[in-house]
Amino acid sequence: MSFACSSTSLRGLQNFARPAVTTLRAASTYTPSQSTETRALPRRPRPSSPAFFTGRPTYHEALLSLSTTLKDAQQSLRSDHIYPLPSTLPVLQPPRASWHSAATLTTLLRTNIRTNSHREIVGLLNEINALRHVANVSGRFELVSRLNDALGMYEREERDEGMEAKEVKSKIDEYGRAYATGRRKESSARVWMIPTKEGAGILDQKTSAEEVTIPATEVLVNHLPLATHFDKTSDRDTVLRSLRLTGLLGGYNVFALVRGGGTSGQAGAVGLAMARALAILREDVKDVLNAGKLSHFFSR
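Remember, it's a predicted structure, so these values are computed and weren't measured experimentally.

## So, the nonpolar core
Within the largest apolar cluster, 29 residues are counted, with the highest numbers of intra-cluster contacts made by Met 193, Val 239, Val 270 and Met 274. Those elements giving two or more residues to this core turn out to be β1 (178-184), β2 (187-195), β3 (219-221), α9 (233-246), β5 (252-259) and α10 (263-281). Here this core takes 10 residues from α10, the largest share from any one element. Residues within four places of Val 239 in sequence aside, it is in contact with Leu 226, Phe 230, Ala 267, Val 270, Gly 271 and Met 274. Of all hydrophobic cores here, the second largest spans 26 residues; its members include Ala 73, Trp 99, Ile 128 and Leu 131.

What follows is the structure, encoded as structure tokens:
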């Protein structure tokens, strides 16, 4: 058997094997292009609230916000050694607050607020309202302002047209007590003005207070004496201005409940309500109040 091979055949075999060597050599020196590298996808931003994945995020966010406000207020009062109140002190009854109904909160929070959910929200609101009263009594007005902002969306007006009509019919009760309301800025006040024994004599006789010896007027604001609730002289003057202008200071005792706003707004609201109640008790004082530029007190 002959294994002879022509030179042409050997050259063809060499040419056939040469591209394979070149391919291997090119593969050994190949560098992948940057465009083919695997890149990690950007991470989605985290939800701003931990209640994002709950069934009712707006409701749980509201609960979380109120709980945080309550804890912050407690800590702020505790740092000033105001909270908790000593057991030896009388119970400070906060002014009555009126909260939105479950149906209204359903609209505001854009989620269904059931009875149990509404009860839970109202419980937190009442606790914050009590701390707001403690902060107000202790002079922590910056904290009062923050709590007013937190409670603002949940509070509703206490009177509607039906309530107002009812109050107009019963402005003076069988005991001779006059009731009136007043608003100033963000503050609202309810006032009961009660004649003293000497004041009742003035009311019956239609005489001036200068002809009768009368004691000083006792004014309680949120169950506290006037000087305790309003430490500024200007605020106390605002409250008592109508009685001083009419010369009836000392003829009536006053019980007031006020909430919302700062001290100047609360003083204006109480003074407004007192002027209205005084005008109910005595028709002849309207001219004096008008002369003292207090005619806006009678506007509704």
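## Some thoughts on the packing of helix α2 (residues 57-79) against helix α4 (residues 115-137)
Across the interface, α2 lies against α4 with an axial gap of 10 Å and an inter-helix angle of 25 degrees. For the element pair α2 / α4, the angle class is roughly parallel. Considering the relative orientation of α2 and α4, their crossing is left-handed. Between α2 and α4, the contacting residues are Tyr 59, Leu 63, Leu 66, Ser 67, Thr 69, Leu 70, Ala 73, Gln 74 and Leu 77 on the first element and Ser 117, Glu 120, Ile 121, Leu 124, Leu 125, Glu 127, Ile 128, Leu 131, Val 134 and Ala 135 on the second. A per-class count over the contact of α2 with α4 returns 13 nonpolar, 4 polar and 2 charged.

## Section: α2
Taking 1.5 Å of rise per residue, 23 residues should cover 33 Å, and α2 covers 32 Å from first to last C-alpha, within 8% of that figure. All of the buried residues in α2 are Tyr 59, Ala 62, Leu 63, Leu 66, Thr 69, Leu 70, Ala 73, Gln 74, Ser 76 and Leu 77. Here the buried face of α2 lies against α3 (102-109), α4 and α5 (141-151). Looking at the residues trailing α2, positive phi occurs at His 81, about 60 degrees.

Cut-offs applied
Residues numbered from 1 in each chain as written. Predicted model: local features only at pLDDT ≥ 70, side-chain atom pairs only at ≥ 80, totals over all residues. Heavy atoms only, no water. Core = buried A, V, L, I, M, F, W, Y, C linked by side-chain atoms within 4.5 Å. Buried < 20%, exposed > 50% of the residue type's maximum accessible area, 1.4 Å probe, protein only. Helix = DSSP H or I, 4+ residues; strand = E, 2+ residues; numbered from the N terminus. Contact = heavy atoms within 4.5 Å. Axes fitted to C-alpha atoms, helices over the stretch in contact; angles between N-to-C directions. Parallel < 35°, antiparallel > 145°, perpendicular 65-115°, else oblique. Left-handed = near helix turned anticlockwise from the far one by under 90°. Nonpolar A, V, L, I, M, F, W, Y, C, P; charged D, E, K, R; others polar. Expected span 1.5 Å × (residues − 1).

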